[in-house]
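# Structure at a glance
Here is how the chains run, residue by residue.
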Amino acid sequence: MRIKVLKDGPYEVTGNVPLKEMKIGADGAGESTHWVDGREFETEETYHLCRCGNSKNKPFCDGSHMHGFDGTETADNISYDEAAIVYRGDGMDLMDAEGLCAVARFCDAAGSTWRLINDAETGETAVRQACNCPSGRLTAVKDGKKIEPKLPKEIAVVEDEPEGMHGPLWVRGGIEIEAEDGTVYEVRNRVTLCRCGNSANKPFCDAMHMDGGEE
Ligand code: FES
């Protein structure tokens, strides 16, 4: 399974990667608390996902990028461990690579993950919130080990229903992402790819879709 970033064009997905929709679920207070499975898309061995934001057939590419899309990749190809700051808590740590934030807001609930790590009693909630973070910005660490949710290898098209926005592509389970120049980004269990065309950290999402760019 592989995702290849094509020059000023879509993501080429090969290897029969399952594709489905996942929606951000919120509680009565509007805080992100859970994920809701959406529809599954029928796909073939190879398919192309829009990353310019202009397709009329989202999430698939319809060739609209040919009307002028600068898809230049701008992300630093550095490891998560290099990018992340470590916050020390009570019995656990929290790694935070802020530049990867896709603003899914699971970390804002219940007083914020950064606060929850400071009390052993709320540590479990902090771990759950970090594991719900689609971009992998946040990672909970206990006894020196990163805690990762078990995710199938698939791509989820994120729908941010509480905010009425289309979100990024959530690459789950550790699928290789190859840059246009052939280099491979660090393979991670959770990562989000831009599909509005406006990220300043392409190919990754940097939450620009929240600024009015349609994803
Ligand atoms: S990348 Fe082809 S239509 Fe958006």
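Cut-offs and rules
Residues numbered from 1 in each chain as written. Predicted model: local features only at pLDDT ≥ 70, side-chain atom pairs only at ≥ 80, totals over all residues. Heavy atoms only, no water. Pairing = 2+ DSSP bridges. Helix = DSSP H or I, 4+ residues; strand = E, 2+ residues; numbered from the N terminus. Axes fitted to C-alpha atoms, helices over the stretch in contact; angles between N-to-C directions. Salt bridge = Lys/Arg side-chain N within 4 Å of Asp/Glu carboxyl O. Buried < 20%, exposed > 50% of the residue type's maximum accessible area, 1.4 Å probe, protein only.

Turning our attention to the sheet that holds strand β4 (residues 32-41). An order of β4-β3-β10-β11-β13 is seen for the 5 strands of this open sheet, with the pairing classed as mixed. Both outer strands of the open sheet, β4 and β13 (190-193), are each paired with one neighbouring strand and no more. Taken over all neighbouring pairs, the strand axes of this sheet differ in orientation by 30 degrees on average, direction set aside. Where strand β10 (residues 154-160) and strand β11 (residues 165-172) come together, 6 bridges link them in antiparallel fashion.

What follows is about the pattern of salt bridges. All told, the structure shown has 15 salt bridges when counted by the stated rule. Between E154 and K20 there is a salt bridge; the shortest N-O distance is 3.3 Å. Pair noted here: E154 is in strand β10 and K20 is in strand β3 (residues 19-26), with a separation of 134 residues, a long-range link. E154 sits in the buried class, given a relative accessible area of 8%. For R39, the salt bridge identified is with E21, shortest N-O distance 3.3 Å. With R39 in strand β4 and E21 in strand β3, this pair connects stretches of sequence that are 18 residues apart.

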